[in-house]
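Close look at the chain arrangement
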Amino acid sequence: MFVMEKKDKSKEDKIYKRHIRFWKIAKIIIGPFLKLIYRFSYEIAPKIDGAYLVLSNHNTDLDPALVALSFPRQMYFVASEHVYRAGFISKVLHYVFEPIAKIKGSSDALTVMKTIRTLRSGKNVCIFPEGNRSYNGKTGTIIESTGKLVKAAGVSLVTYKLEGGYFTTPRWGFGIRRGKMHGSVVNIYSPEQIKQMDPKEITEVIVKDLAENAYERQNENPIQYKGKKLAEGLECAISVCPVCKKIDTLQTHKDSVSCKECGTSTKIDSYGNFLPDFNFRTVEEWDSWQDEFYAEYYKSCDSETILFSDENVCVNTVTSEHETKNVGSGKICMYKEKFVFEGEEKTIEFDLNQISDMSIYGRKTLVFTDGTGAHYEVKSEKLINVRKYLSIYNLRKTL
């Protein structure tokens, strides 16, 4: 038994040394590229004794690499499990960095356990506690269980903020805008400080430290973010026309957004603002109005009314081993109390009260876990707005 444990420890040490080696190489090779492409500046983190947990806000697909530039010591990143379903690239990522997989749309206890185990073994971990990139430029919800994880880990907590990411690569957009990004440590809390705080207090300081509003920052210090497709993809974030109140009638092209139903149109400028004669100045304002619209819309409908629907979607199940199995293609519909997949061969109904969690990865892939623990993803080849389903799912929790 002792010999086996010694061999396992030796293998773990060998793998860890490999990860450290590639960490240093990647920073040398990728660092200059990221600084150039994202016009990214950053501050080096101060020396921290012992293992630490880094928590950062999240706005670009390459945020892990950007955060890494500030930290000389190697870290493991908690990432959406779909990074393990990209064929050869996934094998390379696992060999070089071995991200800790988190199944979006589920409360993944195994991820929490592996994170704590990694930290307690003396290694560093980075998490993006929002779980999703922002659609409107504001830091998303950070749940109280984040504080519980920090408390259980018993290591130093490092809060880190990225600025300018939302305008550089909007969650809903295409391409990179040429502007500015910056990253730096906000605060460092020692294990002794963490011991004196309860989970709720820890979560509160995390929320405070990671709070970011891209539009407020833009008002204080206007920066141009230049690109050729400033509006394209916005219909993945916003689905309601503010004039005719129709759903899924918006379309975008280059810097323009318009409604196919009533003809309302506007443009987005390089500062991220709509034209002065439009109903809203920013995506944040439009998004806030949309939340209010959804709340009233939900209340006005009965249980038999289809709130939203999309056709020609593909539904898959995803296992904990990152294997995908096709359920079928067809139509999805959301009602007040249920979510329905009308497939070519079968229909599946999901009680919304039994869906334990729901999320989105990318622009348009909806993921959720049902009452049996089965994990599903809903995908479409065309550009659709799946955020409306998540909005209603979250809204139901507050009513």
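**Digging into the sheet that holds strand β15 (residues 357-361)**
Taken in spatial order, the seven strands of this open sheet run β14-β13-β12-β11-β17-β16-β15, and their pairing is antiparallel. Only two strands of the sheet have a single partner each, and these edge strands are β14 (347-351) and β15. Here the average twist between neighbouring strands, direction ignored, is 30°. As paired strands, strand β11 (residues 308-318) and strand β12 (residues 324-334) are joined by nine bridges and run antiparallel to one another. The residue of β12 that forms the bridge with Asn316 is Asn326.

**Looking at the sheet that holds strand β9 (residues 256-259)**
With antiparallel pairing, the three strands of this open sheet are ordered in space as β8-β9-β10. Of all the strands in the sheet, the pair left with one neighbour each is β8 (250-253) and β10 (265-267). Averaged over all pairs of adjacent strands, the angle between strand axes in this sheet comes to 20°, irrespective of strand direction. Relative to β10, β9 runs antiparallel, the two being bridged by three bridges. Within β10, the position partnered with Val257 by the bridge is Thr266.

**A look at empty space enclosed by the protein**
Within the structure shown, the criterion is met by four cavities of 30 Å³ or more. Its boundaries defined by the atoms lining it, the largest cavity holds a volume of some 100 Å³. Every residue lining the largest cavity is counted, 14 residues in all, and those nearest its centre are Phe167, Arg177, Leu230, Ile268 and Gly272. Residue composition of the lining of the largest cavity, by class: ten nonpolar, two polar and two charged.

**Quick word on the state of the cysteines**
Applying the stated rule across the entire model yields zero disulfides. Looking at Cys244, it has no disulfide partner, and the nearest cysteine sulfur is the one in Cys259, 3.6 Å off.

**Here we look at the nonpolar core**
In this structure, Trp172, Leu234, Trp286 and Phe339 are the most contacted members of the largest nonpolar core, which totals 58 residues. In terms of residue count, the dominant contributor to this core is helix α10 (residues 283-300) (eight residues). In terms of nonpolar packing, the next biggest core, distinct from the first, is built from 22 residues, Ala51, Ile142, Leu157 and Val205 among them.

**A word on the packing of α10 against helix α11 (residues 387-396)**
Contact pair α10 / α11: the axes reach a minimum separation of 10 Å and the direction vectors enclose 65°. Where α10 crosses over α11, the handedness of that crossing is right-handed. Side by side, α10 and α11 meet where Asp287, Gln290, Tyr294, Ala295 and Tyr298 of the first sit next to Arg387, Lys388, Ser391, Ile392, Leu395 and Arg396 of the second. For the contact of α10 with α11, a count of residues per class yields five nonpolar, two polar and four charged.

**Quick look at the confidence of the model for the protein**
Here the protein averages 92 in pLDDT, and 95% of its residues register 70 or above. Taken together, the stretch residues 1-7 has pLDDT below 50 and engages in zero contacts with residues farther than four places along the chain or on a different chain.

**Thoughts on the packing of aromatic side chains**
Inspection of the entire model under this criterion finds 26 aromatic pairs. Cation over ring: Lys338 sits above Tyr335, and NZ or CZ is 4.8 Å from the ring centre.

Each value, and the rule that gives it
- Residues numbered from 1 in each chain as written.
- Predicted model: local features only at pLDDT ≥ 70, side-chain atom pairs only at ≥ 80, totals over all residues.
- Heavy atoms only, no water.
- Pairing = 2+ DSSP bridges.
- Helix = DSSP H or I, 4+ residues; strand = E, 2+ residues; numbered from the N terminus.
- Axes fitted to C-alpha atoms, helices over the stretch in contact; angles between N-to-C directions.
- 1 Å grid on protein atoms, 1.4 Å probe; cavity = no way out; pocket = protein on both sides within 12 Å on 5 of 7 lines; lining within 4 Å.
- Points joined across faces, edges and corners; volume = space filled by probe spheres on them.
- Nonpolar A, V, L, I, M, F, W, Y, C, P; charged D, E, K, R; others polar.
- Disulfide = S-S within 2.5 Å.
- Core = buried A, V, L, I, M, F, W, Y, C linked by side-chain atoms within 4.5 Å.
- Buried < 20%, exposed > 50% of the residue type's maximum accessible area, 1.4 Å probe, protein only.
- Left-handed = near helix turned anticlockwise from the far one by under 90°.
- Contact = heavy atoms within 4.5 Å.
- pLDDT = per-residue confidence, 0-100.
- Phe/Tyr/Trp six-rings, centres within 6.5 Å; stacked < 30°, edge-to-face > 60°.
- Lys NZ or Arg CZ within 6 Å of the ring centre and 35° of its normal.

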